[in-house]
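Spelled out, the chains give:
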Amino acid sequence: MTTENDTAAKTFLILHGFQNHRPPGHWQHWLAERLRERGHEVRYPQLPSPDAPVLAEWLDALEEYGKRPARGEFVVLAHSLSVLLWLRAGARRPDADRVLLVAPPSPSVTASIPEITAFADGLDLAETGLGARLVYGGGDPYCPEGADLHYGRPLGLDLDLVQDGGHLSPAHGYGDWPSVLEWCEDPSVRVKGR
């Protein structure tokens, strides 16, 4: 539980997806810079072997970078494959005050890509009490059926749909994303498109 004195500076953990080498043109990179400019601690690690990720190694990295700070609010933002990492973490999931899960790939898409199949194997979509918000784009080629159908409704997540947002990546126009920055500062903000 945070107090008013602890909330000025927050700690953010930003987790990237498959084949993401944290390029400057990605909204996560942009967000990390804006949050640091505002005086927040930002953990934006390069996860191991992003082109051929190993679930166990990503879980170890989540545990390493997900240590709760001594003071202030701890906020996690996960994009794409890291959403599945978050869901698979179970007891290893960090104790976060808020979580934003962005544009997860569908189980069928994940199963069709040999390098990331393990992230979908054994995924428990009946888990409750995650207390996270799911932001997903209409027309996401990596979750064509809709992330609300696969994750949002089964897990009882708070949902924000970004119409025509696609995978909410630079390829879909998401280099900077002011709405996510606003949510980082104020959890009552609904995340919308650019």
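Bear in mind that the values here come from a model prediction, so they are computed numbers and not experimental data. (Residues numbered from 1 in each chain as written. Predicted model: local features only at pLDDT ≥ 70, side-chain atom pairs only at ≥ 80, totals over all residues. Heavy atoms only, no water.)

Enquirer: Is there a simple way to explain the packing of aromatic side chains in this structure?
Expert: In this description, a pair of aromatic rings is defined by centroid distance and the angle of the planes. On inspection of all chains with the given rule, the structure shows three aromatic pairs. Pairing Trp-58 with Phe-119 gives two aromatic rings, centres 5.4 Å apart and planes at 75°, and the pair type is edge-to-face. You can see Trp-58 sitting in helix H2 (residues 55–65) and its partner Phe-119 sitting in helix H5 (residues 117–120), a full 61 residues away along the chain. Ring centres of Tyr-174 and Trp-177 lie 4.8 Å apart, and the angle between their planes is 65°; this geometry places the pair in the edge-to-face category. You'll find Tyr-174 and Trp-177 in the same group, each marked buried. Each residue in the set Trp-27, Tyr-174 and Trp-177 is aromatic and connected to the rest through ring pairs, giving one cluster. Taking NZ or CZ as reference, Arg-98 lies 4.4 Å from the ring centre of Trp-183, over its face. (Phe/Tyr/Trp six-rings, centres within 6.5 Å; stacked < 30°, edge-to-face > 60°. Helix = DSSP H or I, 4+ residues; strand = E, 2+ residues; numbered from the N terminus. Buried < 20%, exposed > 50% of the residue type's maximum accessible area, 1.4 Å probe, protein only. Lys NZ or Arg CZ within 6 Å of the ring centre and 35° of its normal.)

Enquirer: Honestly, the packing of helix H1 (residues 27–37) against helix H7 (residues 178–185) in this entry has me stumped. Any pointers?
Expert: To characterise two packed helices, one gives the angle between the axes of the helices and the distance between these axes. Remark: H1 packs on H7, axes separated minimally by 10 Å, with the N-to-C direction vectors making an angle of 45°. If you check the angle between H1 and H7, you find them oblique. Between H1 and H7 the crossing geometry is right-handed. Facing H1, whose interface residues are Trp-27, Trp-30, Leu-31, Arg-34 and Leu-35, H7 presents Pro-178, Val-180, Leu-181 and Cys-184. Here the residues of the contact of H1 with H7 are counted per class, giving eight nonpolar, no polar and one charged. (Axes fitted to C-alpha atoms, helices over the stretch in contact; angles between N-to-C directions. Parallel < 35°, antiparallel > 145°, perpendicular 65-115°, else oblique. Left-handed = near helix turned anticlockwise from the far one by under 90°. Contact = heavy atoms within 4.5 Å. Nonpolar A, V, L, I, M, F, W, Y, C, P; charged D, E, K, R; others polar.)

Enquirer: Sorry if this is basic, but what is going on with the sheet that holds strand S4 (residues 98–102) here?
Expert: Pairing between sheet strands relies on hydrogen bonds along the backbone, with the strands arranged either parallel or antiparallel. Spatially, the six strands line up as an open sheet ordered S2-S1-S3-S4-S5-S6, and their pairing is parallel. Of all the strands in the sheet, the pair left with one neighbour each is strand S2 (41–43) and strand S6 (158–162). Pairs of neighbouring strands in the sheet enclose a mean axial angle of 15°, with direction left out of account. Looking at chain direction, strand S5 (residues 133–137) and S6 are connected through five bridges and run parallel. Bridging across to S6, Val-135 finds its partner in Asp-160. The sheet strands contacting H1 are strand S1 (11–15), S2, strand S3 (74–79) and S4, and the helix crosses S1 at an angle near 170°. Docked against the sheet, H7 engages S1, S3, S4 and S5, running at close to 160° with respect to S4. (Pairing = 2+ DSSP bridges.)

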